[in-house]
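So the chains spell out like this:
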Amino acid sequence: FWRDMRKNIASAFLSDHRIDTLSHVRVSEVRTSLKELYSKWTRGTDGGKSDFLAVEMKEWLKELSFNVVLRMVAGKRYFGDTAVVDEDEAQRCLKALREYMRLLGVFAVADAVPWLRWLDFKHEKAMKENFKELDVVVTEWLEEHKRKKDLNGGNSGDLIDVMLSMIGGTTIHGFDADTVIKATAMV
């Protein structure tokens, strides 16, 4: 299953042609982020009294890269003045992704000594809850893509649209297409 999925994703989404096709996303996000940064500077300099504006570059670069990746995967933009996503949705997604990254770094005893798995009950429970939250977020993305596809039949070229056009409505190795698309988008 994973070998087939890796081959499909590599040929359909990670090919040189697809990466070139999505270059407008990277360019657009950098341009939009720079415009927003300039807008903050013009508002924050008090009409020319100061030529400087403190910017947390770590945060700005994190938001820029997150927007680029998210637009390539789901066609959404969570950060910035021009983000068209509900603030609650953005915060729920960010919270789930932060928790996911935190849980990846937690040492689990069962990883080293499998027969001591019962000691990792809280960690395993937290992981299951986190994956439920992520599943809700990705399910919303998938349903939104399906609605847009039904309305206008278009394809934006992001990962979810590509996956829907490739495997939409079929079963792969016993898994329905929605499960496969959501798992691939999460990865």
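Attention here is on the structure that accompanies the text. Treat the numbers as computed from the prediction; the structure is a model and nothing was measured.

Focus on the packing of aromatic side chains
- Scanning the entire structure with this criterion turns up four aromatic pairs.
- Relative to W41, the ring of Y38 lies with its centre 5.8 Å away and its plane at 35°, an arrangement referred to as tilted. With Y38 and W41 both in helix α3 (residues 23-44), this residue pair falls three residues apart, about one helical turn.
- Here F66 and F79 contribute two aromatic rings whose centre-to-centre distance is 5.7 Å and whose plane-to-plane angle is 70°, an arrangement assigned as edge-to-face. A residue pair is termed long-range when its members are at least 10 positions apart, and F66 in helix α4 (residues 57-73) and F79 in the loop between α4 and α5 (87-105) qualify at 13 residues. Pair check on accessibility: F66 and F79 agree, each one buried.
- Three or more aromatic residues joined by ring pairs form one cluster here, namely F66, Y78 and F79.

Digging into the environment of T179
- Assignment of secondary structure puts T179 in helix α9 (residues 177-186).
- Taking relative accessible area as the criterion, T179 reaches 36% and is therefore assigned partly exposed.
- Linking T179 and V73, residues 106 residues apart in sequence, is a C-alpha distance of 16 Å.

Structural notes on the nonpolar core
- Ranked by size, the top nonpolar core spans 35 residues in total, and within it Y78, W141, I160 and M163 carry the most contacts.
- When residues of this core are assigned to their parent elements, the largest contribution, seven residues, is made by α4.

Conventions and cut-offs
- Residues numbered from 1 in each chain as written.
- Predicted model: local features only at pLDDT ≥ 70, side-chain atom pairs only at ≥ 80, totals over all residues.
- Heavy atoms only, no water.
- Phe/Tyr/Trp six-rings, centres within 6.5 Å; stacked < 30°, edge-to-face > 60°.
- Helix = DSSP H or I, 4+ residues; strand = E, 2+ residues; numbered from the N terminus.
- Buried < 20%, exposed > 50% of the residue type's maximum accessible area, 1.4 Å probe, protein only.
- Core = buried A, V, L, I, M, F, W, Y, C linked by side-chain atoms within 4.5 Å.

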